[in-house]
Amino acid sequence: MPSWFPGFAGVAFAILFVAGSLILDDPGHDDSEEIVNDFYGESGNRVRVLIGSYLLALSGFAFLAFVISVSSRLPASSQELRVLAVSSAGVFAALLAAAGAAHLPTYTASIDAFDEPQSELTRAMVPHLAYGFLLFGLLAAGLSIACLCRIGRQDRRIPGWLAYTGYATAVLLLFGILFMPMIALPLWALAAGVTLLLRPLPTAAPA
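First, a word on what this report is: a plain description of the structure on this page.

Conventions we followed
- Residues numbered from 1 in each chain as written.
- Predicted model: local features only at pLDDT ≥ 70, side-chain atom pairs only at ≥ 80, totals over all residues.
- Heavy atoms only, no water.
- Helix = DSSP H or I, 4+ residues; strand = E, 2+ residues; numbered from the N terminus.
- Buried < 20%, exposed > 50% of the residue type's maximum accessible area, 1.4 Å probe, protein only.
- Contact = heavy atoms within 4.5 Å.
- Axes fitted to C-alpha atoms, helices over the stretch in contact; angles between N-to-C directions.
- Parallel < 35°, antiparallel > 145°, perpendicular 65-115°, else oblique.
- Left-handed = near helix turned anticlockwise from the far one by under 90°.
- Nonpolar A, V, L, I, M, F, W, Y, C, P; charged D, E, K, R; others polar.
- Phe/Tyr/Trp six-rings, centres within 6.5 Å; stacked < 30°, edge-to-face > 60°.
- Patch = residues over 30% accessible without salt bridge, like charges linked within 9 Å, V, L, I, M, F, W, Y side chains within 5 Å.
- Areas by Shrake-Rupley, 256 points an atom, 1.4 Å probe, with all protein chains shown as cover.
- Salt bridge = Lys/Arg side-chain N within 4 Å of Asp/Glu carboxyl O.

**Concerning the side chain of Ser144**
Then comes step 1: Take Ser144: it is sitting in helix H6 (residues 121-154).
Then comes step 2: When its relative accessible area of 0% is taken as the criterion, Ser144 is described as buried.
Then comes step 3: When residues no more than four places from it in sequence are discounted, the contact partners of Ser144 are Phe63, Val67, Ala85, Ser88 and Ala89.

**Things to note about the packing of helix H3 (residues 43-71) against helix H8 (residues 184-198)**
Then comes step 1: With their axes 12 Å apart at the nearest point, H3 and H8 run at an angle of 45° to one another. As summarised for this structure, H3 and H8 are arranged oblique, according to the angle between their axes. For the crossing formed where H3 meets H8, the hand is left-handed. Of H8, the residues touching H3 (which contributes Phe63, Phe66 and Val70) are Leu185, Trp188, Ala192 and Leu196.
Then comes step 2: Looking at the contact of H3 with H8 residue by residue, the class counts come to 7 nonpolar, no polar and no charged.

**A look at the packing of aromatic side chains**
Then comes step 1: With the rule as written, the count across this model stands at 10 aromatic pairs.
Then comes step 2: An aromatic cluster is defined as three or more aromatic residues linked by ring pairs; in this entry it consists of Phe13, Phe17, Phe63, Phe66, Phe92 and Trp188.

**A look at a nonpolar patch on the surface**
Then comes step 1: A cluster of nonpolar side chains, Phe136, Leu139, Val171, Leu174, Phe175, Ile177 and Leu178, forms an exposed patch at the surface whose accessible area comes to about 730 Å².
Then comes step 2: One can find Leu174 in the loop between helix H7 (160-172) and H8.
Then comes step 3: Exposure remark for Leu174: the relative accessible area of 55% places this residue in the exposed category.

What follows is the structure in structure tokens.
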């Protein structure tokens, strides 16, 4: 894997996560039936849901690639933490894919194709399921970041400021239910990605 890949994956995650989250600005559970039906009645909005769902899922895979590529370049002596970091990133990726799926991309695609009736099911399921998956995914992402930062500081391969902001990000993600703290995740990933692009980690992890 090339030395630039960890940085690229970190930046890609930040861009995809933010883009997917912004595009998936669909009606909430407290919107009226008219608003929900008007939203899904426009083909442009349904395309937005499809695109946003895929971007959100792809961002999870980018995060997993970021964690795997970074952890493979960190001290091999911290094998347990490396496994925990990658495993947590895998959980986060899976929950992001589930959050994207909860936006019912197949439903939005089939309204025209199969002339399916619109239902208040979309209003009931989408906000609660998607946000629930995302919320608990943030906890896994925070654990993964904390593990990476802990390993990286053992031999100072990760800059101190990046590790300490990573710890702060992990703490903030515990309060993801408040929505605003989750902004720390793409910001930290972007900072980490740019840093690793400018100062790549060595390919081989020391024994």
